[in-house]
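# Fold and contact review
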Amino acid sequence: MIAYFIRRRLFVFSRVNVHIFPPREFLEFYKHYGKSSDGASDPADDMLQLLQRRFFIPQDHHQAVSLLNGKTCAYGPLGVDLKRNLLEQWWSSLVRSRPQVFGISSLHGVGDKGAREEAEELLKQRDLTKEQLGERVLELIQRRPPFRTSLLQGALAQYVPSLELVNRKLPFGLAETGLCYRPEDNDSDGISCSAEVTEALLAWFCSPRTSSEWLGYWTRHRLRWWRKFALGPSDFSVCDVQDDELHKDAASGVKVLYQFPWGAETLETLWMLSGAELLKNHQGSQAKLRCRDGKKVVLPYILSLSANVDRGVLAVLFNSLQHIQKVDSKQRLHQRTVLKLHPVLAPVKVALDVGKGSTSELRQVCEGLLHELLEVGISAWPGYMDTTQSSMDKLHTKYDEMGVLFTVMVGENTLENGLLLVRNRDTTIRETMHISEIRQFILKYISTAENI
C-alpha cells in the first residue's frame, strides 16, 4: 500500500479502487503509518499532540476522534476558553450588534414532536401486555433521538411570540447556541465518536421578495466573519449547495468551507426555506404567521444560518498553527511552533513568570499583577506558580504552543524600579515596560485587533 498525502484528500491506491479517507479514518491510518512517504510528519497528528500537550483537549484517543469529526469533545482548560471566545464573538456579531435579532433558548426535546405523539398513542393501547409495551417503548427509543437534532425547530416554535417584539415587521431574526444530537456519523467501524455537536443558529425571517438579496448578504457576512480571525483567509471559502444535496424543504443553500489537510469541510450552512416550513410547525390560521413587508402582508421565508462550532474551533486551530524556521548566529537551524490565535480568541492573553531575584517577593508582585489583569477581563496564566526550573527557551516554547499573546517576566528590575520584560508572541520582540502600563497596553492591543 502506497500512501500519498495530497492537500485536498488522502488517497490510498490499490489495483482497483481509490479510497477517500474522512477525518476519522485519516487519524486511524496515521496511527499505523505515522508519516507520509517523504518522511514528513502528519499535520493532523501533530496538531492533536500539541492540543493534548497544551491543555486544549484531554489525552484521550476518543476525544481526538470526536474533535477531528467536528463533534463536541471533552475540552481541557484552554480548549474551553477558546470555544467560549469563539461563541462570544459569534453572539456579539449576530445578536448584540443588531437591534432586530433576539436571543432565545429552547429545550433539547423541542424538535421531536413525533416521538411524543407516538408515545402518547402507545400508552393508550390497553390491549398490550407489559412485555409488549416494554418492547414497543424500546423500539421507539432506538428509532427516535432523545434530543434535538437542530436548533431551527426551537426558533420556529418561538416565531409567533416573537412577532410582538417587532410589531410584525420584516426582517428580523432569532438566534441560539447549544448542543444538538447527531449520531448519523457514528459508523459501525469500531471507532467511538461523540454524537453531540455544538451548533450556533440564526433564523432570519424575511420577505420572499428580498430573500435572494438576504442570502447574498448573509453569505458575504459569514465568510468575512470567519476570515476575520484567520492567518490564511484563503483557506475559508463558500460554495453553492448542489441540487442533489439540497435540504428537502430548501429552495437554495450555501456552504462556508474550511480547507483542512484532508480536504474541505463544512463550517456553516445557509438554507433558504419557504413559508411552508412555518405552516408545518404552526397549525391553524395563516393570519397569525403573516408579517408586514412595507404595505404588503406576507408569509415570510426563513434563512437558516447554522454553524458547527466544534468544527469551527478545529479550523481556527489549524489556521493558526505555524512552524517558523530560524538560523542562529552559529548557522544552526531552529524551528518554532506557535499557535498564532487571533488576540480576541486566544485563551490566555498574558503569562506571568519570574526571573532572577528574591523568589518570594517576585511571586508577590506576580500575584498582585495577576489580580489586576483578571479584574479587567484579561486572562492570565500563573506561570510563576510552577516550581520546575525551566530555561527561557523552554518557557517560550510552552507559551507559544499555548497561543499566549505576551510573556511578562518579573525580575530584580521590577523590585527596584517597577520595570517588566514583555515578549510579544508574534514578533518575539522583548521590550521593557513599567508595571503600571501593562494593563492598559494589553487592553488597547486586544481592542485594536478586535476592531480591524
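Residues numbered from 1 in each chain as written. Predicted model: local features only at pLDDT ≥ 70, side-chain atom pairs only at ≥ 80, totals over all residues. Heavy atoms only, no water.

On the secondary structure map, T269 appears in strand β9 (residues 263–273). For T269, the residues in contact, after removing those within four places along its chain, are V254, S304, L305 and S306. (Helix = DSSP H or I, 4+ residues; strand = E, 2+ residues; numbered from the N terminus. Contact = heavy atoms within 4.5 Å.)

In this section: the packing of helix α4 (residues 77–96) against helix α11 (residues 309–320). Any two packed helices are characterised by the angle at which their axes cross and by the distance between the axes. Where α4 contacts α11, the axes come no closer than 10 Å and their chain directions differ by 110°. Classified by the angle between their axes, α4 and α11 sit roughly perpendicular to one another. From α4, L82, K83, L86 and L87 reach across to α11, where they touch V309, D310, G312, V313, V316 and L317. Taken together, the residues of the contact of α4 with α11 break down into 7 nonpolar, 1 polar and 2 charged. (Axes fitted to C-alpha atoms, helices over the stretch in contact; angles between N-to-C directions. Parallel < 35°, antiparallel > 145°, perpendicular 65-115°, else oblique. Nonpolar A, V, L, I, M, F, W, Y, C, P; charged D, E, K, R; others polar.)

Spatially, β4-β5-β6-β12-β9-β8-β7 is the arrangement adopted by the 7 strands of the open sheet, whose pairing is mixed. Two strands lie at the open edges of the sheet, namely β4 (101–103) and β7 (236–240), each paired on one side alone. Across the sheet, the mean angle separating the axes of adjacent strands is 25° when strand polarity is ignored. Pairing analysis gives 8 bridges linking strand β6 (residues 196–206) to strand β12 (residues 301–308), with the strands arranged antiparallel. Within β12, the position partnered with A200 by the bridge is A307. Packed onto the sheet, α11 meets β6, β7, β8 (250–260), β9 and β12 and runs at close to 35° relative to β8. (Pairing = 2+ DSSP bridges.)

Moving on, we get to α4. Its 20 residues give α4 an end-to-end C-alpha distance of 26 Å, which sits within 8% of 28 Å, the value for a rise of 1.5 Å per residue. Within the sequence span of α4, burial applies to L78, G79, L82, K83, N85, L86, Q89, W90, S93, L94 and V95. (Expected span 1.5 Å × (residues − 1). Buried < 20%, exposed > 50% of the residue type's maximum accessible area, 1.4 Å probe, protein only.)

On to the pattern of salt bridges. Close approach of charged atoms allows side chains with opposite charge to pair. Enumeration according to the criterion identifies 14 salt bridges in this entry. Taking the shortest distance from any N to any O, the salt bridge between R54 and E401 comes out at 2.8 Å. Of this pair, R54 sits in the loop between α2 (43–53) and α3 (61–68) while E401 sits in helix α13 (residues 392–402), and the two are 347 residues apart along the sequence. Its relative accessible area of 7% is what places E401 among the buried residues. Salt bridges linked by common partners bring R53, R54 and E401 together as one network. (Salt bridge = Lys/Arg side-chain N within 4 Å of Asp/Glu carboxyl O.)

Our next topic: helix α9 (residues 211–228). Taking 1.5 Å per residue, 18 residues should reach 26 Å; α9 reaches 26 Å between its end C-alpha atoms and fits that length. Turning to α9, its buried residues are S211, L215, W218, T219, H221, R222, L223, W225 and W226.

Turning our eyes to something else, we now look at the side chain of T198. Structurally, T198 is set in strand β6. In this structure the side chain of T198 is engaged in a polar contact, spanning 3.0 Å, whose partner is the side chain of T72. At 2.6 Å, the side chain of T198 and the side chain of K83 are in polar contact. Here T198 is in contact with T72, K83, G178, L179, A307, N308, V309 and D310, once residues within four sequence places are set aside. (Polar contact = N/O pair within 3.5 Å; in protein donor to acceptor, adjacent residues only side chain to side chain.)

The predicted model of the protein averages 85 in pLDDT, with 84% of residues at 70 or higher. Segment residues 1–21: pLDDT under 50, and 56 contacts once partners within four positions in sequence are set aside and those in other chains are kept. The model gives residues 24–38 a pLDDT under 50, and that stretch makes 39 contacts with residues more than four places away or in other chains. (pLDDT = per-residue confidence, 0-100.)

Backbone torsion omega between L170 and P171 reads -5°, so that peptide bond is classified as cis. Counting through the fold element by element, P171 comes out in the loop between α8 (159–162) and β5 (172–181). Although it is not a glycine, F55 adopts a positive phi angle of roughly 70°. Mapped onto the elements, F55 comes out in the loop between α2 and α3. For F55, a relative accessible area of 34% corresponds to the partly exposed category. Phi at R168 takes a positive value of approximately 60°, unusual for a residue other than glycine. Looking at the secondary structure, you find R168 in the loop between α8 and β5.

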